[in-house]
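The lines below spell out each chain.
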Amino acid sequence: MQLSLLNISIPEGAAKSRADELRRTLEYHNRLYYVLDAPELSDAGYDELFRELQSLENSYPQLISPDSPTQRVGGIALDKFAAVQHRLPMLSLENASNEDEIRDFDQRVKKFLGLTTDHRISYVCEPKMDGLAVELVYVKGVLTVASTRGDGVTGEDVTENIRTIRMIPLRLSGQHIPDLLEVRGEVYLSLQAFQILNSAKEENGEAPFANPRNAAAGSLRQLDPRITAQRPLSFYCYAPGTLQGTACDSQQEFFAALSGWGLPVNSLISAVEGVEAAVGFYREMLSRREALPYEIDGTVIKVDSFPLQRELGEKSRSPRWAVACKFPPRQATTVLEGVLPSVGRTGVITPVALLRPVDISGVTVSRATLHNWEEVAAKDIRIGDTVVVERAGDVIPAVVRVLAERRSGAELPLVAPDTCPQCGSAVVHIADEVAVRCMGLACPPQIRESITHFASRNAMDIEGMGGKNVEQLITLGLVRSISDLYRLTKDDFMRFERMGDKLAGKLLSAIENSKRRDLGRFIFALGIRHVGERTAKALAQSFGSLENLIHATSEELLTIRDIGATVAQSIRTFFDNPDNLAVLRSLQESGVAPTAEAKQVGGRFSGKTFVFTGALSRFTRDEAQRLAEAEGGSVVGSVSKKTNYVVSGEDAGSKLAKARNLGVTVLTEEEFIKLLAV
Ligand code: IVH
């Protein structure tokens, strides 16, 4: 064990009280910075305290607690999320889509409560955050479980990912900490974080997220918490679940208590008397919507009093005491001036609308998606038409409908192209799908997209091989398929605009390093239609080698969970194509040798789940993981009641503590080795 020189002289008792103090101080400054947006300490000052705590914890690992700020980004990736039952179902909300429907809601409430129609109910009005619902569970003030809404009854355990969100305290502060606090709220991504994330994705040649909500959901549902930690997610609380050891009589009191405990509450929330004031809040939010740093899609109005909420109760899916007041869609009308057929990775040609530029709530829109040619025909969209365009918080606006009454008669009907606009090859209309597809093998945009996909982070992870560099390789005639990547030389890269010796060397070694990626990534990287990351991993585990997969029959493919007739057919079509086989052979000749990860079915550890934590001395984590998997075990990243074994090495942290709390069997490295040897 490494002891820091700085702390070695501190006795354990003193170290413990200093560590406790540092944790409280760090959590306090965290809250000032992330929740209240009013930092008192410089970043350097914060880092200094953080490093002091880290150093104390290095010297005395027994002092590490799961709620330590040093434990926000934990362990290894999961292979799936565990299920979590919500103690109380997570309900949805009834919608009101205009001001009169808000007034109708108010009348329903009063009728149910037997109040006169002119009675003024006390309401709490809140922005409706456009993200995803999550429940946090604090036991005696410590964050223990966080789960998604799921179907409302059962959600997914996303604790490790939620712990990376700095706005969420790992331990509550302040007075009267409840024995049990379940609090629901919305995880969201700010518009700024969304834009940064999407620019990075585009630079890497990956498809951008359609809107901040999808980006937040995609970021929270990462199996590897280290990826979530890189996405600056935010959170606002909005409703209680079960509360024990504390009493609140109203939504206002509840929010005040939450703030007191250090939980984030949106400062725009406002308590009002009577429905007209609630309508006023809705109007105000509608007018401020574009200026907010995050997406809201409406407001939520709630009866403030908890006794009244209880009296009103709930219907099957939504409470009678709240309503979501949705904003109208952001729409504008403009003229469709042309259509650009655009070719994607798989050769699908989609129609993109070229519009007379129009302002839709502060954003100039000049392009929109028309989705596919069938939809163009169904909506009878013609060039020259006046069309309604909608921005639904999405990156790409959509053409919603045509104002046929505005036609002059000079409009031109739209037809799908017979030849590819990029390479001139014939296109085919595939019978059982709406797509029109270019079949040209040398179609430049298809090549570009398939190579960027191959090199992308979740596939072969070739750093630096994003859209722009791939584009240059194609323009210079240096690559025509993925296998050409492995024949590139430094001189080839030196032909790029603005390329230095060092960068060229980096690109080459990134390509070289990708040769031994695991088989699952490699299969995903091939871009076989309908084969996403999960299916690719399942194929790798079942077949163990590329050779086996190439020769797999449809019947064999169909035995794999999640693979149906369409996917099996698509896999066979891919490997039956001699051009694809030639590319695979050429990859092999260049030394691309994806490593197998066959899962032993029916091994000694079959059905058992393992979590590894801390440093092992006899093998690396990856090796230990492979040993467990080779015997049919599965290795997951976070500890739950369902975990069978936690293998604990040196400096084990929060996972060990959690395992002990849950009564999960903890093995030392030696015991794990014995178990393997039995
Ligand atoms: S209250 C029973 N308050 O909207 C009460 N929900 O359409 C449950 N949402 O699933 C929800 N902001 O994900 C509530 N201030 C807010 C909200 C909010 C966003 C989401 C939430 C919910 C969905 C219902």
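See above for the structure.
*Asks:* I would appreciate a short explanation of the overall build of the protein chain in the present structure.
*Replies:* For the protein chain, the helix and strand inventory stands at 24 helices and 24 strands. Taken against the 2.2 N^0.38 rule, which gives 26 Å for 678 residues, the C-alpha radius of gyration of the protein chain at 28 Å falls within 12% of a compact globule. Across its three principal directions, the C-alpha atoms of the protein chain cover 80 × 70 × 50 Å. For the protein chain, buried positions account for 49% of its 678 residues. Relative to all contacts within the protein chain whose residues are 6 or more apart in sequence, the contacts with residues 24 or more apart total 68%. Total accessible area on the protein chain stands at roughly 32500 Å², and carbon and sulfur atoms take up 51% of it. Here the protein chain holds 78 positive side-chain charges and 87 negative ones, and the gap between their average locations is 2 Å.

*Asks:* Would you explain the sheet that holds strand E4 (residues 132-139) in this entry?
*Replies:* Taken in spatial order, the 4 strands line up as E5-E4-E7-E8 in an open sheet, and their pairing is antiparallel. In this open sheet, the two edge strands, each paired with only one partner strand, are strand E5 (142-148) and strand E8 (233-244). Across the sheet, the mean angle from the axis of one strand to that of its neighbour is 25 degrees, orientation sign disregarded. Bridging between E4 and E5 involves 6 bridges; their strand directions are antiparallel. Each bridged residue has a counterpart across the sheet, and for Tyr138 the counterpart in E5 is Leu143. Running over the sheet, helix H6 (residues 212-220) touches E4, E5, strand E7 (180-189) and E8 and is turned about 125 degrees from E7.

*Asks:* What's the story with the packing of aromatic side chains in this structure? I'm lost.
*Replies:* How two aromatic rings sit relative to each other is given by the distance of their centres and the angle of their planes. Across all of its chains, the model carries 18 aromatic pairs by this definition. Seen in terms of ring centroids, Phe454 and Phe522 are 6.5 Å apart; in terms of plane orientation they differ by 80 degrees. Their pairing is edge-to-face. Of the two residues, Phe454 sits in helix H12 (residues 444-455) while Phe522 sits in helix H16 (residues 519-525), which places them 68 residues apart along the sequence. The buried category is assigned to Phe522, whose relative accessible area is 1%.

*Asks:* In this structure, what is going on with the packing of H12 against helix H13 (residues 467-475)? I would like to understand it.
*Replies:* Packed helices, taken two at a time, are described by their axes: the angle between them and the distance between them. At a minimum axis distance of 9 Å, the contact between H12 and H13 shows a crossing angle of 135 degrees. Between H12 and H13, the interaxial angle falls into the category oblique. Like other packed secondary-structure pairs, H12 and H13 cross with a definite hand, here right-handed. Where H12 abuts H13, its residues Pro444, Ile447, Arg448, Ile451 and Thr452 lie against Gly467, Val470, Glu471 and Ile474. Counted by class, the contact of H12 with H13 contains 5 nonpolar, 2 polar and 2 charged residues.

Analysis parameters
- Residues numbered from 1 in each chain as written.
- Predicted model: local features only at pLDDT ≥ 70, side-chain atom pairs only at ≥ 80, totals over all residues.
- Heavy atoms only, no water.
- Helix = DSSP H or I, 4+ residues; strand = E, 2+ residues; numbered from the N terminus.
- Rg over C-alpha atoms; globule rule 2.2 N^0.38 Å.
- Buried < 20%, exposed > 50% of the residue type's maximum accessible area, 1.4 Å probe, protein only.
- Contact = heavy atoms within 4.5 Å.
- Areas by Shrake-Rupley, 256 points an atom, 1.4 Å probe, with all protein chains shown as cover.
- Lys, Arg positive; Asp, Glu negative; His and termini not counted.
- Charge placed at Lys NZ, Arg CZ, Asp CG, Glu CD.
- Pairing = 2+ DSSP bridges.
- Axes fitted to C-alpha atoms, helices over the stretch in contact; angles between N-to-C directions.
- Phe/Tyr/Trp six-rings, centres within 6.5 Å; stacked < 30°, edge-to-face > 60°.
- Parallel < 35°, antiparallel > 145°, perpendicular 65-115°, else oblique.
- Left-handed = near helix turned anticlockwise from the far one by under 90°.
- Nonpolar A, V, L, I, M, F, W, Y, C, P; charged D, E, K, R; others polar.

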